[in-house]
Amino acid sequence: MSDGSEIAYRRILLKFSGEALMGEQNFGIEPAILSQVAADVKQVVAAGVQVGIVIGGGNIFRGVSLAASGMDRVAADQMGMLATVINSLAMQDAMRLQGLAASVMSAFPIHGVCEAYTHRDAMAHLDNGRIVIFAAGTGNPFFTTDTAASLRGVEIAADVVIKATKVDGVFSDDPEKNPDAKRYSTLTYDEVIEQKLAVMDTTAIVLCRDNNVPIRVFNMNKQGALMNVVKGQDEGTLVK
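Described below are features of the structure shown in this document.

What follows is about the pairing of strand β10 (residues 215-219). Every regular strand shows the same layout, with side chains that alternate between the two sheet faces. In terms of residue burial, β10 counts as a mostly covered element, since five of its five residues are buried. Along β10, one buried face is formed by I215, V217 and N219 and the opposite face, lined by R216 and F218, is buried too. For strand β6 (residues 160-165) and β10, the ladder comprises five bridges, and the chain directions are parallel. Bridge pairing links V161 to I215 in β10. With three bridges connecting them, β10 and strand β11 (residues 237-239) associate as antiparallel partners.

Now for the pairing of strand β2 (residues 50-55). Among the six residues in β2, six count as buried, and that is most of the element. The two faces of β2 match: Q50, G52 and V54 on one face and V51, I53 and I55 on the other face are all buried. As paired strands, strand β1 (residues 11-16) and β2 are joined by six bridges and run parallel to one another. Bridged to L13 within β2 is G52.

Here we take up the packing of aromatic side chains. A full pass over the atoms with the stated rule returns one aromatic pair. The ring of Y117 has R152 sitting right over it, with the charged end atom 3.9 Å from the ring centre.

In terms of nonpolar packing, the biggest core is built from 45 residues, with V41, V51, I53, M95, I131 and F218 touching the most fellow members. When residues of this core are traced back to their parent elements, those giving at least two are β1, α1 (31-46), β2, α3 (73-97), β3 (102-106), β5 (131-135), β6 and α8 (225-230). Among the elements that make up this core, the one with the highest residue count is α1 (seven residues). Filtering out sequence-adjacent residues up to four positions away, M95 remains in contact with A38, V41, I53, L100, A102 and I131. Ranked by size, the runner-up nonpolar core spans 29 residues in total, among them M123, F134, L187 and I205.

We now examine the sheet that holds β11. Read from one edge to the other, the open sheet built from nine strands follows the order β4-β3-β5-β2-β1-β6-β10-β11-β9, with strand pairing classed as mixed. Looking at strand neighbours, the two that pair on one side only are β4 (115-116) and β9 (186-187), the edges of this open sheet. Relative to β1, helix α5 (residues 145-155) is tilted by about 175°, and along the sheet it contacts β1, β2, β5 and β6.

Let us look at the environment of E30. Residue placement: E30 occurs in the loop between β1 and α1. The exposure class assigned to E30 is partly exposed, which follows from its relative accessible area of 25%. Through-space distance from the C-alpha of E30 to that of A20 is 9.2 Å; in sequence the pair is ten residues apart. Not counting the four nearest positions on each side in its chain, E30 is found in contact with L21, M22, G23 and Q25.

Now for unusual backbone geometry. At F142, a residue that is not glycine, the phi angle is positive and equals roughly 75°. Tracing the chain through its elements places F142 in the loop between β5 and α5. Judged by its relative accessible area of 51%, F142 is exposed. Phi angles above zero are rare outside glycine, and N212 is one such case at about 55°. Tracing the backbone shows N212 in the loop between α7 (202-210) and β10.

Each value, and the rule that gives it
- Residues numbered from 1 in each chain as written.
- Predicted model: local features only at pLDDT ≥ 70, side-chain atom pairs only at ≥ 80, totals over all residues.
- Heavy atoms only, no water.
- Buried < 20%, exposed > 50% of the residue type's maximum accessible area, 1.4 Å probe, protein only.
- Helix = DSSP H or I, 4+ residues; strand = E, 2+ residues; numbered from the N terminus.
- Pairing = 2+ DSSP bridges.
- Phe/Tyr/Trp six-rings, centres within 6.5 Å; stacked < 30°, edge-to-face > 60°.
- Lys NZ or Arg CZ within 6 Å of the ring centre and 35° of its normal.
- Core = buried A, V, L, I, M, F, W, Y, C linked by side-chain atoms within 4.5 Å.
- Contact = heavy atoms within 4.5 Å.
- Axes fitted to C-alpha atoms, helices over the stretch in contact; angles between N-to-C directions.

This is the structure in structure tokens:
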């Protein structure tokens, strides 16, 4: 294990969208993506970093979409929360295959499947070197998994919330459509909100802002990018 002398962040909260797990598929989970994520996490854990993870559920179910077609929003959001549990269990097993110890903690009890989230137990797991995968969002409807990531990041006193995307940070325009789009190296929380930049939802940004937790947006498909982030290098975009 590294002595951690070059590590800028000792405890991180890593946020993935459910769609990020699909790879080139239109639905579900791509095992190769899980394996890649687990290998990247293994590298930072070996460097002495404590890791919490939040995963969305959009690759399986999007409650907002179904609610828009007439389903009760609370029921739809609860279904979306259960989708995040499925993704979290898949991620836990990917960690196991990498030889890592990981615990899934759900915002509401699902006995026999995973642990119920408590702050005390989550902190104990992190201090004992376990990866903690926070499932079921905040446990409440009308809140996104972005907000759940910010909330858990604040609760565990993470040094940074890291948002994994498919592009190299936050851009002035869609870089896949506009090759002249500018990548922002740094942004303030208020700039993200005022310019309506697609980083995280407003509630998530404000929660991090009010608790002085920086956000780093990076490309999860770039080899070595996560390690660069935890070293504090200019990888992706830093929101502070």
